[in-house]
Amino acid sequence: MLTPMAEMTGGSCLMRAVGGGKSALKSGVKRLLGRAGFDILRSANNLGGVDDFIPFEATMRAARAADLSVGDYIDEVMNGTPGATQSTIDELRALGVFAANPGTVLEIGPGSGRYLEKTLKECSPGRYEIYETAAPWTTYLVDTFGVVAQPTAGCSLAPTLDGSVDLVHAHKVFNTVPFLGASRYFFEMARVTRPGGRIVFDAMTEACLDPAAMRAWATEGGTGHDSYPAALPRRACVDLFATLGCNLEASFLAPMGVGTTEVLVFGKRA
Ligand SMILES: C[S@@+](CC[C@H](N)C(=O)[O-])C[C@H]1O[C@@H](n2cnc3c(N)ncnc32)[C@H](O)[C@@H]1O
């Protein structure tokens, strides 16, 4: 059975399947990934990622067998939330995030690429950079979509120049990485975004944490994990980005396992 757990090891996080193997995936994945979305636990090497809880080979094989893209397979079969990724993309389109056809896009933690794939259906950037800690998925994304994989140290976008990106986004990442990593990435996201560009990410904010939601996480979340999902105060995010020249333009809730996550859309002042 997959047991979602989260542990911090030196400022990064690792996710993998507990109990490993196909049988573990078969028996536990629908129930637990459907509720929690992923599985996180302590690692010795501190560099793990989505590949550890969604093994690359097995997931690709299963998606092919189901005749689905890997992103749709994760949404529909593993998470039991068909259309969840597309619905976030639809919201972003309605908010005009893709309207200016961003020429440079940067995504943190794309994992299987389910948001990446759909983003590339909305716009045609000349350059799409990714920062991803899971090596097999990184290779797959580079080979499949021609994106540029940047060296990923954990919480820095140092290889990316100041003000060089039109759209910076991250999905279901900042509830899996610890506070310091998220905070450091926030400064970096504001730094690399060009004036007039957009920053999109989700966080499990107060809007996602009414008493019923907290009860659901407490009773239905995985056992033994004490850092996932990580919460972030909405106000702290909004106030921080305001000081970095980025105004909150919109927000909406999206499904995340047991509960929801709040997607925040910022525009960097020109
Ligand atoms: C829960 S998964 C979400 C994946 C993808 N965005 C999605 O929604 O399907 C979190 C992703 O962040 C990656 N990740 C974890 N820590 C990271 C870090 N410090 N920097 C960049 N990516 C990281 C993981 O490898 C994984 O791909």
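Quick caveat, the model's predicted, so the values are computed rather than measured. (Residues numbered from 1 in each chain as written. Predicted model: local features only at pLDDT ≥ 70, side-chain atom pairs only at ≥ 80, totals over all residues. Heavy atoms only, no water.)

## Considerations on the side chain of aspartate 75
When you line up the elements, aspartate 75 lands in helix α4 (residues 70–78). Setting aside its immediate chain neighbours within four residues, aspartate 75 contacts Gly80, Thr81, Pro82, Gly83, Ala84, Thr85 and Arg114. (Helix = DSSP H or I, 4+ residues; strand = E, 2+ residues; numbered from the N terminus. Contact = heavy atoms within 4.5 Å.)

## Some remarks on the sheet that holds strand β7 (residues 259–268)
Reading across the sheet, the 7 strands line up as β3-β2-β1-β4-β5-β7-β6 and stay open at both edges, with mixed pairing between neighbours. Only two strands of the sheet have a single neighbouring strand rather than two, namely β3 (148–149) and β6 (246–256). Judged from the 5 bridges that link them, strand β1 (residues 104–108) and strand β2 (residues 127–131) form a sheet pairing that is parallel. Paired with valine 105 across the strands is tyrosine 128, a residue of β2. (Pairing = 2+ DSSP bridges.)

## What to know about the packing of aromatic side chains
Counted under the stated rule, the structure contains 13 aromatic pairs. Here tyrosine 140 and phenylalanine 145 contribute two aromatic rings whose centre-to-centre distance is 6.4 Å and whose plane-to-plane angle is 85°, an arrangement assigned as edge-to-face. You can call phenylalanine 145 partly exposed: its relative accessible area is 25%. Between phenylalanine 201 and phenylalanine 241 the ring centres are 5.5 Å apart and the planes differ by 40°, which places this aromatic pair in the tilted class. With a gap of 40 residues between them, phenylalanine 201 in strand β5 (residues 193–203) and phenylalanine 241 in helix α10 (residues 234–243) connect regions that are remote in the sequence. (Phe/Tyr/Trp six-rings, centres within 6.5 Å; stacked < 30°, edge-to-face > 60°. Buried < 20%, exposed > 50% of the residue type's maximum accessible area, 1.4 Å probe, protein only.)

Read these as geometric descriptors, not functional statements.
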